[in-house]
Amino acid sequence: MGRRREKMTEYERRRLENIKRNEQMLAALNIQSRLNDLTTAKRQRDQSKSYKRSPIKKPKTEGPVVLRRSLRTRGVPPDAATASGLSDDIDDKKQMEKTSPLKSFSAERKSPRKQGPLQMKDAYSNDDESDRKLIETISQCFENSLMSERDTVDLGSSKFLEKKEGYGAFEPGKRVLGSVDVEALQLKRDNVARLVSGRITSLRFFPTLGMSMVVVGNKFGNVGFWNVNAEKEDGDGIYLYHPHPGPISGIVIDPFSISKVYSSCYDGFIRLMDVEKEVFDMVHYSEDSIYSISLSPNDTKSLYFSEGMGVVSMWDMRAGKSSFSCDLHEKRVNTLDFNSGNGNLMATSSTDGTACIWDLRHLSAGKPKSLKTVDHKRSVHSAYFSPTGKFLATTSIADKVGLSSGSNYEDTSMIYHYNQTGRWISPFRGIWGWDDSSIFIGNMKRGVDVISVEEKKTVATLESDYMSAIPCRFDAHPYNVGMLAGATSGGQVYIWTP
DNA sequence: GCCTGCCTTATGGAC
DNA sequence: GTCCATCCAGGCAGGC
């Protein structure tokens, strides 16, 4: 079962005491048996749900969502804020007290906003079982990958090409895109789970053949892990942490060291979960919101991230400081991606309505010029290079998926795709499959559309009765061709397999 | 041009 | 089965 429990809070203790008192009163009134009937009826309804869920009701521990605005966006100079005695924490506490009916709970709520390292055991939120198995699994897989050349990632070439060779002896007449028969992809009942509560904002597969594990981030700052192939005796294979105070904007796993998982947050934190040290180390803290992160394929010690209104910076892990910072867009940068064929090329997508390709060698302070700009007129929520790097796929609120190709990406086609997700569903982002032939993107009818690069249109849709919500974030397993993960705004994850 | 308010959507939980 | 709260988007209209 996809159980997810959080540590008992002061609020919950008080609540349980109240429940106990009420039960005593009900017993005195002799109506307990009727309540039991109602509980049974509710349990039956719960079991009819298609997804895995906890049998124990979880109290809402996330508290009210607090809007965080940087000094910069508020137009307040840092000195002025300090002088007036304001801090984010104080600001937030005041806002919590104003907006939450649970004042005492909100004020006492322990927030991972504190700077500095955070022990994994302190951030661990499942109180029913230990995270020891997760740590052992990742550590073991990391050690195995060090010993096996097979797991070594060559970031200088396509991350998929080597693995896809020899894959797929498909029946003629089937919808085969490149190396994958998309009609053969299926969603098994066991490959559906709810990892976290609320909206999933980021999703990643661990880049290793050794295991099928996904990591997700949600809007409350939780990070959830799911070992899809966990043995039954090891429980459900789901582990939940709370290392961030706000929505997780990006997750990146070091392909050369899968025991290192980076995560960024709207609240300005970048943390590195180091499984060997069992810590969520603080890599960087910014006054501005961080909207995306990406590792350089040329140097995995260089972490690129976007912050505030269009700024892209690089954090040098060795030096422990920011190496450069450029103002690349008018508004927030939603994604950063690197070209696997040429690590100097970086693609950005922005709410300013454009997606751009930049040459890192020619980025300088001030207003640098992009190699290529794809103009969507309205917000662009993703810009991803294809596995070989020959294409760039951009997804926009303007109901378009852009496809750029050519030696300088000068040929751009616009493919219609309905992208009006509204307020509650994270904007769709078209991702590449395991080769340059297809793009996977969610649709509002609880399906996954497959766009053919050759035909420049949607050619297939993955659908399943087990998919009870709209999948809006995806990741293709880097080595298991045909293994596709989709995540929803309800905290569920679906794993499609060949 | 800037600010404010309104509208849209899907989901899970409570009842 | 129905209702309601959610609320870290984004566009648009209207007012200043």
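Keep in mind that what you see is a predicted model, and the values were worked out from it rather than measured. Within each chain, residues carry numbers counting from 1 in the order of the written sequence. To label them, take the chains in the order written and letter them from A, then take the ligands in the order written and number them from 1. The model is predicted, so local features are restricted to residues of pLDDT at least 70 and side-chain atom pairs to those at 80 or more, both for listing and for counting; the totals for chains, interfaces and linings are taken over all residues. Water and hydrogen atoms play no part in the side-chain values, which are based on all heavy atoms of the structure.

Trainee: Whenever I open this one, the overall build of chain A confuses me. Can you help?
Mentor: Here a strand is any run of E in DSSP of at least two residues, a helix any run of H or I of at least four, and the numbering for each starts at the N terminus. In terms of regular secondary structure, chain A is built from nine helices and 31 strands. Burial classification: accessible surface area is computed with a 1.4 Å probe over protein chains only, and a residue below 20% of its type maximum counts as buried, one above 50% as exposed, and the rest as partly exposed. Within chain A, the proportion of its 498 residues that are buried is 54%. By the convention used here, residues are in contact when the closest approach between their heavy atoms is within 4.5 Å. When contacts within chain A are restricted to residue pairs at least 6 apart in sequence, those whose partners lie at least 24 apart make up 55%. Per-residue and other accessible areas were derived by the Shrake-Rupley procedure at a 1.4 Å probe size, with only the shown protein chains allowed to occlude residues. About 23200 Å² of surface is accessible on chain A, with carbon and sulfur atoms providing 49% of the total.

Trainee: Got a minute to help me understand the nonpolar core in this structure?
Mentor: In summary, soluble globular proteins display a tendency toward joint burial of nonpolar side chains. We call a set of buried residues a nonpolar core when its members are Ala, Val, Leu, Ile, Met, Phe, Trp, Tyr or Cys and they connect through side-chain atoms within 4.5 Å of each other. One finds Trp432, Ile439, Phe440, Val448, Leu462, Leu484 and Trp496 to be the most contacted residues of the largest nonpolar core, which totals 36 residues. Secondary structure elements with two or more residues in this core: strand 4 (186-194), strand 23 (400-405), strand 25 (431-432), strand 26 (438-443), strand 27 (447-452), strand 28 (457-462), strand 29 (471-476) and strand 31 (492-497). In terms of nonpolar packing, the next biggest core, distinct from the first, is built from 25 residues, Tyr124, Cys141, Phe206 and Met273 among them.

Trainee: For this particular structure, what's the right way to read the pattern of salt bridges?
Mentor: Any two side chains of opposite charge can pair, given that their charged atoms come close. Throughout this description, the term salt bridge denotes a Lys or Arg side-chain nitrogen within 4 Å of a carboxyl oxygen of Asp or Glu. All told, the structure shown has seven salt bridges when counted by the stated rule. Among the salt bridges present, the one from Glu276 reaches Lys260, with a minimum N-O distance of 3.8 Å. Taken together, the residues span a long stretch of sequence, with Glu276 in the loop between strand 11 (269-274) and strand 12 (279-285) and Lys260 in strand 10 (residues 260-265) at a distance of 16 residues. The partner of Asp375 in a salt bridge is Lys377, with the nearest N and O atoms 3.3 Å apart. Residue Asp375 is classed as partly exposed on the basis of its relative accessible area, which comes to 43%. Through salt bridges with shared partners, a single network forms among Lys260, Asp274 and Glu276.

Trainee: Which parts of the structure should I look at to understand the environment of Met309?
Mentor: Take Met309: it is sitting in the loop between strand 14 (302-307) and strand 15 (311-316). The partly exposed category is assigned to Met309, whose relative accessible area is 38%.

Trainee: Just checking my understanding: could you explain the sheet that holds strand 15 for this structure?
Mentor: Sheet strands pair via backbone hydrogen bonds, and the direction of the pair is either parallel or antiparallel. Pairing in this open sheet of four strands is antiparallel, and the strands run 13-14-15-16 from one edge to the other. At either end of the open sheet lies a strand with only one pairing partner, and these are strand 13 (290-295) and strand 16 (321-327). For this sheet, the mean inter-axis angle between neighbouring strands, taken without regard to orientation, is 20°. Pairing between strands requires that DSSP locate at least two bridges from one strand to the other. By the bridge criterion, five bridges tie strand 13 to strand 14 in an arrangement that is antiparallel. Within strand 14, the position partnered with Ile293 by the bridge is Phe305. Simply put, an axis is a line fit to the C-alpha atoms, just over the touching stretch for a helix, and the angle between two N-to-C directions goes from 0 to 180 degrees.

Trainee: Explain the packing of aromatic side chains to me, please; I cannot follow it from the model alone.
Mentor: Here a ring pair, both rings aromatic, is described through the centre-centre distance and the interplanar angle of the planes. Aromatic contacts are taken between Phe, Tyr and Trp rings whose centres are within 6.5 Å, Trp giving its six-membered ring; a plane angle under 30 degrees counts as stacked, one over 60 as edge-to-face, and the others as tilted. According to the stated counting rule, one finds eleven aromatic pairs in the structure shown. Here the aromatic rings of Phe269 and Tyr285 are separated by 4.8 Å at their centres, their planes lie at 55°, and the arrangement is tilted. Of this pair, Phe269 sits in strand 11 while Tyr285 sits in strand 12, placing them 16 residues apart in sequence. Relative to Phe338, the ring of Tyr304 lies with its centre 5.0 Å away and its plane at 65°, an arrangement referred to as edge-to-face. In this pair, Tyr304 sits in strand 14 while Phe338 sits in strand 17 (residues 333-338), placing the two residues 34 residues apart along the sequence. A single burial state applies to Tyr304 and to Phe338, both of which are buried. One aromatic cluster is present, built from ring pairs that chain together Tyr124, Phe206, Phe225, Tyr241 and Phe280.

Trainee: Is there a simple way to explain the state of the cysteines in this structure?
Mentor: Disulfide: a covalent bond formed between the sulfur atoms of two cysteine residues. By disulfide we mean two sulfur atoms from cysteines, separated by a distance within 2.5 Å. Inspection of every chain in the model, using the stated rule, returns zero disulfides. In this model Cys356 remains outside any disulfide bridge; the closest cysteine sulfur is found in Cys326, 13 Å from its own. When its relative accessible area of 5% is taken as the criterion, Cys356 is described as buried. Cys472 carries a free sulfur, and the closest cysteine sulfur to it, the one in Cys265, is 18 Å from it. Its relative accessible area of 0% is what places Cys472 among the buried residues.

Trainee: What is the right way to read helix 8 (residues 132-147) from this model?
Mentor: Three- or four-residue spacings in an α-helix give side chains the same orientation, since the helix completes a turn every 3.6 residues. Working rule for helices: expected span equals 1.5 Å times residues minus one. Taking 1.5 Å of rise per residue, 16 residues should cover 22 Å, and helix 8 covers 23 Å from first to last C-alpha, within 8% of that figure. Regarding helix 8, the residues found buried are Leu134, Ile135, Thr137, Ile138, Ser139, Cys141, Phe142 and Ser145.

Trainee: What is the right way to read the environment of Thr412 from this model?
Mentor: You can see Thr412 is positioned in strand 24 (residues 411-416). Judged by its relative accessible area of 33%, Thr412 is partly exposed. Along the sequence, Thr412 and Val374 sit 38 residues apart, while their C-alpha atoms lie 7.8 Å from each other. Those residues in contact with Thr412 that lie beyond four places of it in its chain are Lys372, Val374, Leu403 and Ser404. Within 3.5 Å is the distance limit for a polar contact, defined as a pair of N or O atoms, with the added protein rule that one can donate a hydrogen and the other accept it, and that residues adjacent in sequence qualify only through two side-chain atoms. Among the polar contacts listed, one links the side chain of Thr412 to the side chain of Ser404, at a separation of 2.9 Å.

Trainee: Looking at this structure, how should I read the sheet that holds strand 17?
Mentor: An order of 17-18-19-20 is seen for the four strands of this open sheet, with the pairing classed as antiparallel. Unpaired on one side and paired on the other, strand 17 and strand 20 (372-375) mark the two borders of the sheet. In this sheet, adjacent strand axes meet at a mean angle of 15° when their direction is disregarded. Two elements, strand 19 (residues 354-359) and strand 20, share four bridges in a ladder whose sense is antiparallel. Along strand 20, the bridge assignment pairs Ile357 with Lys372.

Trainee: Can you help me understand the pairing of strand 15 in this one?
Mentor: Put simply, side chains in a regular strand alternate between the two faces of the sheet. Judged by how many residues are buried, strand 15 sits mostly within the fold: six of six residues are covered. The two faces of strand 15 match: Val311, Ser313 and Trp315 on one face and Val312, Met314 and Asp316 on the other face are all buried. By the bridge criterion, six bridges tie strand 14 to strand 15 in an arrangement that is antiparallel. Bridging across to strand 15, Leu303 finds its partner in Trp315. Connecting strand 14 to the antiparallel partner strand 15 that follows it, the hairpin turn spans three residues, and Gly308 within it adopts a positive phi of roughly 60°.

Trainee: For this particular structure, what's the right way to read the confidence of the model for chain A?
Mentor: Keep in mind that low pLDDT regions are not for reading the predicted coordinates in detail. Residue-level confidence of the predictor is summarised by pLDDT, bounded by 0 at the bottom and 100 at the top. Looking at chain A as a whole, the pLDDT averages 76, with 70% of positions reaching at least 70. The secondary structure element of chain A with the lowest average pLDDT is helix 6 (residues 103-108), at 28, and the one with the highest is strand 25, at 96. Of the regions scoring below 50 in pLDDT, residues 1-110 engages in 125 contacts with residues more than four places distant in sequence or in other chains.

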